[in-house]
Amino acid sequence: MLHALLIINKAGGLIYNRDFTDGLAKLTTNEYLVMAGTFHGVHAITSRISPVPGSSGMEVLETDTFKIFCFQTLTGVKFLLITDPSQPNADATTRKVYELYADYVMKNPFYNPEMPIRIELFDSNVQKLVRQTNATG
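Here the structure is a predicted model, which is why all the values come from computation and not from measurement.

Engineer: Can you explain the environment of Gln127? Please cite residues and give values.
Structural biologist: Checked against the element boundaries, Gln127 lands in helix α3 (residues 120-136). Taking C-alpha positions, Gln127 is 18 Å from Ile8, a pair spaced 119 residues apart along the chain. When residues no more than four places from it in sequence are discounted, the contact partners of Gln127 are Arg18 and Phe20.

Structure follows, in structure tokens:
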């Protein structure tokens, strides 16, 4: 089950967030902003302290009740997907969200990079992907 999606710009600012289920405690907008900034900082630190040269940082944060998958693009944008611990193929789903982002956000001539994403076509396609994933997973 996919619970939420967050997109963080390269500076650590939250540019998109959506909850998809009632499985998570509801957070305020300010709490989401703090979460995005905190994750951005932890991600940067983990990429530096990793014993593996060239590590891109934390990719999965796992607890007994949820997982957070992170996909970072070459431009530094991070896609965070919050799922059940048993959710299969969450990394592939995160990459599909990235494809939607590339198609509907970055190709939109009216979108200003680094600003909040308010594009209905992107939002509706993300919702469709989540419904399909939650129905099959």
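Engineer: So what's going on with the sheet that holds strand β2 (residues 14-19)? Which residues, and what values?
Structural biologist: Reading across from one edge, β2-β1-β5-β4-β3 is the order of the 5 strands in this open sheet, with antiparallel pairing throughout. Here the strands that pair on one side only, and so sit at the sheet edges, are β2 and β3 (60-62). Strand-to-strand twist across the sheet, computed as the mean angle between neighbouring axes with direction ignored, equals 10°. Examined bridge by bridge, strand β1 (residues 2-8) and β2 share 5 bridges and lie antiparallel to one another. Looking at the pairing, Ile7 lines up with Tyr16 of β2. Running over the sheet, helix α2 (residues 90-106) touches β1, β4 (67-72) and β5 (78-83) and is turned about 135° from β5.

Parameters at a glance
Residues numbered from 1 in each chain as written. Predicted model: local features only at pLDDT ≥ 70, side-chain atom pairs only at ≥ 80, totals over all residues. Heavy atoms only, no water. Helix = DSSP H or I, 4+ residues; strand = E, 2+ residues; numbered from the N terminus. Contact = heavy atoms within 4.5 Å. Pairing = 2+ DSSP bridges. Axes fitted to C-alpha atoms, helices over the stretch in contact; angles between N-to-C directions.

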